[in-house]
Amino acid sequence: MLRVAAINFLNPAPLMWDFEHAPLAAELATNYSLHYTQPSQCAAELLANRADLGLIPIASLTPELAVVPGCTIASLDEVRSIQLIVKSPHTLSTVKTVSADTASRSSLAYAEILFRKFANNHPAFLPAQADPVAMLQQTDAAILIGDPALLALERREQIEAEVGPCEWFDLAHEWHTRTGLPWVAAVWAVRPEALGPPRLTAAKLVEDLEASRNHGLLHIEELVEQWTPRIDLSPKVIRHYLSHNIHYVLNTDCIRAIKLFRQYAAEVDVLPALPDLRFL
Ligand SMILES: C=C(O[C@@H]1C=C(C(=O)O)C=C[C@H]1O)C(=O)O
């Protein structure tokens, strides 16, 4: 049985389709035991050998883990759910303190790259829970990811009424503008030693995850219906988010983006170098 750490946000819903819906969920449950948590926790569990497979931030990839080809959580331009909120009159070059959502690993490193490499600034990042008003009352800027970021965007006026005017940066768009590449947040990563006959083979794992993603993308309307009562967003926003903002295919541009992200992150001393991406 493969222990799987999956992400508890809206955006991975299409990837998880077969694991959560008939006709394949029951059969998959004989090979995979799933639980859902924050992205940073998925990585911590995989790295601590408390999970064998995880949907993990690319910032947390290490040489020991293998990337499963096929699926990703990425964006070709605007993602909506990754927001760097900067309190006016601060700019990217003057921010001194940033409240950093503890759920994130990749977006925090993307923000560090944006500050250090592109804005010649080196603000302090302070770990914080995802509460935009509390964050912006304490620091010059805040980073939110996932569902709390989507909800904050909807409440933008209310938040600014409490903390003052802010500039909202979509970090995926900022990355895409500066590099011409997609923005990649997460991939399925596995401890390779957990696979192989008589257990699940690598080929079957790749096939199961890709099939689930393909089936999910064919059922966006059902996902919109299922998520509308679960999250305070309109069906239109959910539909657009799942079908346009998030990109689920780990193509060659996404792989180039992961390599460039890790190269920049090492250059600005945010993450250890990862010279070779290991694939399953
Ligand atoms: C698009 C998103 O990407 C997420 C952002 C991550 C990060 O910042 O570490 C990790 C996993 C992704 O689910 C999001 O959750 O909004």
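These numbers were taken from a predicted model, which means no experiment stands behind them.

> Just to check I follow, could you spell out the pattern of salt bridges for this structure?
Oppositely charged side chains can pair when the atoms bearing their charge come close. Applying the stated criterion across every chain yields a total of eleven salt bridges. Close ionic contact of R3 with D52 constitutes a salt bridge, the shortest N to O distance being 2.8 Å. In this pair, R3 sits in strand 1 (residues 2-7) while D52 sits in the loop between helix 3 (39-47) and strand 3 (53-57), placing the two residues 49 residues apart along the sequence. A residue is classified by how much of its surface remains accessible, and R3, at 31% relative accessible area, is partly exposed. Classification of D52 by relative accessible area gives buried; the value is 8%.

> I'm lost on the sheet that holds strand 7 (residues 124-128) in this one. Help?
The pairing of strands in a sheet happens through backbone hydrogen bonds and is either parallel or antiparallel. One open sheet accounts for five strands, arranged 7-6-8-5-9; its pairing is mixed. Each end of this open sheet is capped by a strand with a single partner; those strands are strand 7 and strand 9 (166-170). Taking each pair of neighbouring strands and ignoring which way they run, the sheet shows an average axis angle of 25°. Here strand 6 (residues 97-101) pairs with strand 7 via five bridges, running parallel. The residue of strand 7 that forms the bridge with A100 is P127. Against the sheet, helix 4 (residues 106-118) contacts strand 5 (82-87), strand 6, strand 7 and strand 8 (141-145), and its axis sits at roughly 160° relative to strand 7. In the packing of helix 7 (residues 156-163) onto the sheet, contacts are made with strand 5 and strand 9, and the angle to strand 9 comes to roughly 135°.

> Sorry, what's going on with the site of the ligand here?
Taken together, 20 residues lie near the ligand, and S81, S104, R105, S106 and S107 sit nearest. Here an oxygen atom of the ligand sits 2.8 Å away from a polar atom, N or O, in the main chain of R105. Here an oxygen atom of the ligand and a backbone polar atom of S106 are 2.7 Å apart. If the ligand stood free it would expose 390 Å²; the protein chains cover 100% of that surface. The set of elements that each furnish at least two residues to the shell around the ligand consists of helix 4 and strand 10 (183-190). Looking at the shell around the ligand, the element that brings in the most residues is strand 10, giving three residues. A per-class count over the shell around the ligand returns 13 nonpolar, six polar and one charged. Counting contributing residues per domain, the shell around the ligand is built from domain 1 (2-75 + 183-267) and domain 2 (82-179), each supplying no fewer than three.

> Got a minute to help me understand the domain arrangement of the protein in this structure?
The accessible area lost on association of the parts is a frequent measure of interface size. Split by domain assignment, the protein resolves into domain 1 (2-75 + 183-267) and domain 2 (82-179). For domain 1 and domain 2, the distance between their C-alpha centroids amounts to 24 Å. On the side of domain 2, 23 residues touch domain 1, which itself brings 26 residues to the contact. Summed over both sides, the interface between domain 1 and domain 2 buries roughly 2,000 Å², with carbon and sulfur atoms accounting for 72% of that surface. Looking only at domain 1, the three residues that lose the most surface to domain 2 are W183, F261 and Y264, adding up to 35% of its buried area. Summed over the shared surface of domain 1 and domain 2, the number is one salt bridge. Note that E267 is salt-bridged to K117, the shortest N-O span being 3.0 Å. For the pair domain 1 and domain 2, the interface holds eight residue pairs in polar contact (both at pLDDT 80 or more).

Procedures and definitions
- Residues numbered from 1 in each chain as written.
- Predicted model: local features only at pLDDT ≥ 70, side-chain atom pairs only at ≥ 80, totals over all residues.
- Heavy atoms only, no water.
- Salt bridge = Lys/Arg side-chain N within 4 Å of Asp/Glu carboxyl O.
- Helix = DSSP H or I, 4+ residues; strand = E, 2+ residues; numbered from the N terminus.
- Buried < 20%, exposed > 50% of the residue type's maximum accessible area, 1.4 Å probe, protein only.
- Pairing = 2+ DSSP bridges.
- Axes fitted to C-alpha atoms, helices over the stretch in contact; angles between N-to-C directions.
- Contact = heavy atoms within 4.5 Å.
- Near = heavy atom within 4 Å.
- Polar contact = N/O pair within 3.5 Å; in protein donor to acceptor, adjacent residues only side chain to side chain.
- Areas by Shrake-Rupley, 256 points an atom, 1.4 Å probe, with all protein chains shown as cover.
- Nonpolar A, V, L, I, M, F, W, Y, C, P; charged D, E, K, R; others polar.
- Domains from an automatic or database assignment.
- Buried area = accessible area lost by both parts, 1.4 Å probe.

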